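A closer look at the structure
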Amino acid sequence: MRESSTADQRSDSEVVERAIEILDDKGWCQGTQVNRAGQVCVGEALAQASGAHLWNATWWVRLPGAQWRQFCRVRAEVTAIVVTRWNDQPGMTAEYVQERLILTAKRLREEGR
């Protein structure tokens, strides 16, 4: 049974699709959650898509209840390793990130999630 919450009203596939839109709009970066140009890493895009910014300029902030669980669930669908390590790997490209997110959203949609 799903908890009823404004932050958790999007399905997991919708969260990933929203993260794709955020990356399209703001651009992708490595080495920081948000760079000076306003580009975001995958973790920040997923956090924003889940309903909140997780980065408070000094440390990760744990979100309450449903938002936190959805953020954790969705980022685990994108990569089996820590999302920041995956995002910041040498050779990672914006194109590969987008491709991975598109495939993840498609799979989640097909699974009804």
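These remarks concern the structure in this document. Predicted model, so just to flag it, every value in this text is computed and none were measured. (Residues numbered from 1 in each chain as written. Predicted model: local features only at pLDDT ≥ 70, side-chain atom pairs only at ≥ 80, totals over all residues. Heavy atoms only, no water.)

1. Let's talk about the nonpolar core
Grouped together as the largest cluster of nonpolar side chains are 23 residues, with contacts concentrated most on V16, L23, V42, L46, V97 and L101. Those elements that place two or more of their residues in this core are α1 (12-26), α2 (42-50), α3 (65-78), α4 (83-87) and α5 (94-110). In terms of residues, this core owes the most to one element, α1, which gives six residues. Once residues within four sequence positions are removed from consideration, V16 is found in contact with L46, V74, L101, T104, A105 and L108. (Core = buried A, V, L, I, M, F, W, Y, C linked by side-chain atoms within 4.5 Å. Buried < 20%, exposed > 50% of the residue type's maximum accessible area, 1.4 Å probe, protein only. Helix = DSSP H or I, 4+ residues; strand = E, 2+ residues; numbered from the N terminus. Contact = heavy atoms within 4.5 Å.)

2. Let's talk about the pattern of salt bridges
Evaluation of the coordinates by the stated rule reveals six salt bridges. A salt bridge links R18 to E21, with the shortest nitrogen-to-oxygen separation between them at 3.1 Å. With R18 and E21 both in helix α1 and three residues apart, this pair spans about one turn of that helix. Classification of R18 as partly exposed rests on a relative accessible area of 30%. Residue class for E21 comes out partly exposed when judged on its relative accessible area of 45%. Ionic pairing is found between R107 and E77, a salt bridge with its closest N-O pair at 2.9 Å. In this pair, R107 sits in helix α5 while E77 sits in helix α3, placing the two residues 30 residues apart along the sequence. Each of E77, R107, E111 and R113 takes part in a single network of salt bridges with overlapping partners. (Salt bridge = Lys/Arg side-chain N within 4 Å of Asp/Glu carboxyl O.)

3. Regarding the environment of E44
Considering the arrangement of structural elements, one finds E44 in helix α2. E44 sits 12 residues away from T32 along the chain, and the two C-alpha atoms are 9.3 Å apart.

4. Section: the packing of aromatic side chains
In total, this model carries one aromatic pair according to the counting rule given. Arranged with centres 6.1 Å apart and planes meeting at 50°, the rings of W86 and Y96 form a pair that is tilted. Of the two residues, W86 is situated in helix α4 and Y96 in helix α5; the sequence distance between them amounts to 10 residues. Taking relative accessible area as the criterion, Y96 reaches 36% and is therefore assigned partly exposed. (Phe/Tyr/Trp six-rings, centres within 6.5 Å; stacked < 30°, edge-to-face > 60°.)

5. Here's the deal with α2
Summarising burial for α2: nine of the nine residues are buried, a large majority. Taken residue by residue, α2 has V42, G43, E44, A45, L46, A47, Q48, A49 and S50 as its buried positions. Following α2 by one or two positions, G51 has its phi on the positive side, about 115°.

6. Let's talk about the side chain of Q98
Along the chain, Q98 turns up in helix α5. For Q98, the residues in contact, after removing those within four places along its chain, are I20, L23 and D24.

7. Structural notes on the environment of G51
Tracing the chain through its elements places G51 in the loop between α2 and α3. A relative accessible area of 48% places G51 in the partly exposed class. Measuring from C-alpha to C-alpha, the distance between G51 and R10 comes to 9.2 Å, with 41 residues separating the pair along the chain.

Any link to function would need more than the numbers given here.
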